[in-house]
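# Breakdown of the fold
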Amino acid sequence: MIDSIFVEREVLDHPVAQKIFKSLKYADIFEIERYQEMFNRRKQNFRIQKQNPALILAKKHDNFVLPAPSGFGIDAQKNYYFSHMYNCIYDCRYCFLQGMYSSANYVLFVNYEDFFEAISDTIYENTNKSMTFFSGYDCDSLAFEKITGFAEKALEFFTDFSSVELELRTKSIVSDTFLNRSPISNCVVAYSLSPSNVAAILDNKAPSIDRRINVLQKLAKNGWPVGLRFDPLIYCSGWEKLYSELINKIFKDINIDQVHSVSHGPLRYPKEMYKKITSLYPDDKLFSFPMEAKDGIVSYGKEIEEEMSSFLQSELEKYTTRNKIFRCLV
Ligand code: SF4
């Protein structure tokens with residue numbers, strides 16, 4: 001799966017790096033000074049590199065915890081995110097990472113301990129405030145878990161901070177990390193979901209929707225809080241029926257008490273990012289829709305966004321209470 005590992009000399013002996021060398025024992029290992037030399041190089045082709053990305057092991061030095069963009073959070077007073085990894089093993093056609101990075105190689109920051117120190121500092125600076133920490137903003141939180149073991153460590157860490165929430169956002173069906181331990185009430189596993197046939201076309205390399213639904217229902221049965229994320233909403237022929245069936249399928253066999261929150265959000269991009277992504281896939285059907293550009297944002301336009309949002313809201317209210325449903329606008 002991964003042929004080449006590039007590792008910063010500084011972290012060559014880090015236990016996480018050593019463990020990864022053992023798991024990926026057939027990969028060639030190359031030493032480098034700093035990951036930016038490779039990752040930020042200009043004139044790389046994300047689409048070509050995505051066919052066979054290398055893994056870069058690096059040390060993160062700053063900005064471990066950042067305020068989440070407004071509109072990303074659920075209902076906490078303070079929302080933060082952290083990214084132990086850049087890029088993802090899946091290849092969703094709408095993924096904003098394609099427009100954000102010039103490289104499709106995976107960067108994994110192996111100094112997990114520094115992330116947890118920064119998170120605990122942030123918690124102590126904000127006592128008496130409700131807080132959520134989001135993992136999976138610049139990657140998928142669990143897709144690479146078998147190699148990284150990061151979520152396992154994050155769960156251990158957040159067990160000691162029961163008054164703040166962790167959200168692990170994912171399309172992965174990794175479940176052992178959760179099923180092999182007792183549920184942790186402040187750790188939410190949040191699944192990104194779209195109608196099956198939409199996901200079959202757009203969520204390249206990601207597990208099917210049926211498999212994601214099976215896993216999230218199983219985790220809920222085992223007492224884990226789960227989040228449902230209908231984001232981005234994809235406008236297509238028959239979308240009302242498709243989303244209605246999807247929502248019905250999820251809720252017909254789920255322990256509703258374990259549904260922590262449900263959110264939905266439109267497909268939107270900053271203008272420059274959209275330009276970059278569409279130049280990678282100029283013939284893709286997703287980008288053939290006449291999108292609207294307004295105030296630096298490219299979207300389906302207010303009318304379609306409102307129509308989809310109202311529909312989702314009313315469908316979701318058939319199954320769960322309004323206070324668990326959130327509209328996200330990033
Ligand atoms: S799962 Fe998320 S991070 Fe990964 S490719 Fe899809 S949209 Fe991007």
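Our structure is the block above this text.
What counts, and at which threshold
- Residue numbers restart at each chain and count upward from 1, following the sequence in its written direction.
- At least 70 in pLDDT is required for a residue's local features to be given in this predicted model, at least 80 for side-chain atom pairs to be given and counted, and no such filter applies to totals for whole chains, interfaces and linings, which use all residues.
- Hydrogen atoms and water are omitted, and side-chain values are computed over all heavy atoms in the structure.
- At least two bridges found by DSSP between two strands are what make those strands a pair.
- By the criteria applied, helices consist of DSSP H or I runs no shorter than four residues and strands consist of E runs no shorter than two, each listed in order from the N terminus.
- Any pair of residues with heavy atoms lying within 4.5 Å of one another is described as a contacting pair.
- All axes here are fitted lines through C-alpha atoms, helices being fitted over the stretch that makes contact, and every angle between N-to-C directions spans 0 to 180 degrees.
- By convention a nonpolar core is built from buried Ala, Val, Leu, Ile, Met, Phe, Trp, Tyr and Cys residues, the set being connected through side-chain atoms within 4.5 Å.
- Burial classification: accessible surface area is computed with a 1.4 Å probe over protein chains only, and a residue below 20% of its type maximum counts as buried, one above 50% as exposed, and the rest as partly exposed.
- One side-chain nitrogen of Lys or Arg within 4 Å of one carboxyl oxygen of Asp or Glu is enough to make a salt bridge.
- The patches described consist of residues with a relative accessible area above 30% and no salt bridge, like charges being joined within 9 Å and nonpolar side chains (Val, Leu, Ile, Met, Phe, Trp, Tyr) within 5 Å.
- Each accessible area value is a Shrake-Rupley result obtained with a 1.4 Å probe; residue values ignore everything except the protein chains displayed when judging cover.
- In this tally Asp and Glu are treated as negative and Lys and Arg as positive; neither His nor the chain ends contributes.
- Where a charge lies is defined by one atom per residue type: Lys uses NZ, Arg uses CZ, Asp uses CG and Glu uses CD.
- For Phe, Tyr and Trp, where Trp contributes only its six-membered ring, two rings pair if their centres lie within 6.5 Å, and the inter-plane angle classes them as stacked under 30 degrees, edge-to-face over 60, or tilted in between.

This paragraph deals with the sheet that holds strand β4 (residues 66–67). Taken together, 8 strands build an open sheet; the order of strands is β4-β5-β9-β10-β11-β13-β14-β18 and the sheet is mixed. Single-partner strands in this sheet number two, and they are β4 and β18 (325–327). Here strand β14 (residues 259–266) pairs with β18 via 3 bridges, running parallel. Paired with His-264 across the strands is Arg-327, a residue of β18. Sheet contacts for helix α7 (residues 150–159): β5 (78–82), β9 (131–135), β10 (165–170) and β11 (187–192); angle to β10, the most-contacted strand, approximately 160°. Lying over the sheet, helix α13 (residues 302–316) contacts β13 (226–233), β14 and β18, oriented at roughly 160° with respect to β14.

Among the nonpolar cores identified, the biggest contains 114 residues, and Leu-57, Phe-133, Leu-193, Phe-230 and Ile-250 are the most heavily contacted of them. The element contributing the most residues to this core is helix α11 (residues 239–251), with 7 residues. Not counting residues up to four positions away in its chain, the partners in contact with Phe-133 are Val-65, Tyr-80, Phe-82, Ile-119, Thr-122, Ile-123, Phe-158, Val-164, Glu-165, Leu-166 and Glu-167. Grouped together as the second largest cluster of nonpolar side chains are 7 residues, Phe-72, Phe-134, Tyr-137 and Phe-326 included.

All chains considered together, the criterion is met by 18 salt bridges. With its nearest N and O atoms 3.5 Å apart, the salt bridge here joins Asp-284 to Arg-93. Taken as a pair, Asp-284 in the loop between α12 (271–280) and β16 (292–294) and Arg-93 in the loop between β7 (91–92) and α4 (97–100) lie far apart in primary sequence, 191 residues in all. When its relative accessible area of 7% is taken as the criterion, Arg-93 is described as buried. A salt bridge links Asp-203 to Arg-212; the shortest N-O distance between them is 2.9 Å. Classification of Asp-203 by relative accessible area gives buried; the value is 4%. The structure contains a network of salt bridges with shared partners spanning Arg-9, Glu-31 and Glu-33.

Relative to the helices and strands, Ala-76 is located in the loop between β4 and β5. On the accessibility criterion, Ala-76 (15% relative accessible area) is buried. In the structure, Ala-76 is positioned 88 residues away from Val-164 in sequence and 9.1 Å away in space, judged by C-alpha atoms. Setting aside residues up to four positions removed in sequence, Ala-76 forms contacts with Ser-130, Met-131 and Thr-132.

Looking now at a negative patch on the surface. The grouping of Glu-113, Glu-117, Asp-121 and Glu-125 at the surface amounts to a negative patch. Here Asp-121 shows up in helix α5 (residues 112–125).

If you trace the 5 strands from one edge of the open sheet to the other, you get β2-β1-β3-β8-β6, paired in mixed fashion. On the outer flanks of this sheet lie β2 (28–32) and β6 (85–86), each paired with one strand and no other. As judged from the 3 bridges shared by strand β1 (residues 4–8) and strand β3 (residues 55–58), these two strands associate in the parallel manner. Paired with Val-7 across the bridge in β3 is Leu-57.

Attention shifts here to the packing of aromatic side chains. For any two aromatic rings, the description comes down to two numbers: the centre-to-centre distance and the angle of the planes. A full pass over the atoms with the stated rule returns 31 aromatic pairs. Note on Trp-239 and Phe-311: the rings are 5.3 Å apart at their centroids and 80° apart in plane angle, and the pair reads as edge-to-face. Taken together, the positions of Trp-239 in helix α11 and Phe-311 in helix α13 put the pair 72 residues apart, joining distant regions of the chain. In this structure Trp-239 comes out as buried when scored by relative accessible area, which is 4%. These aromatic residues form a ring-pair network of at least three members: Phe-64, Tyr-80, Phe-82, Tyr-112, Phe-115, Phe-116, Tyr-124, Phe-133, Phe-150, Phe-157, Phe-158 and Phe-161.

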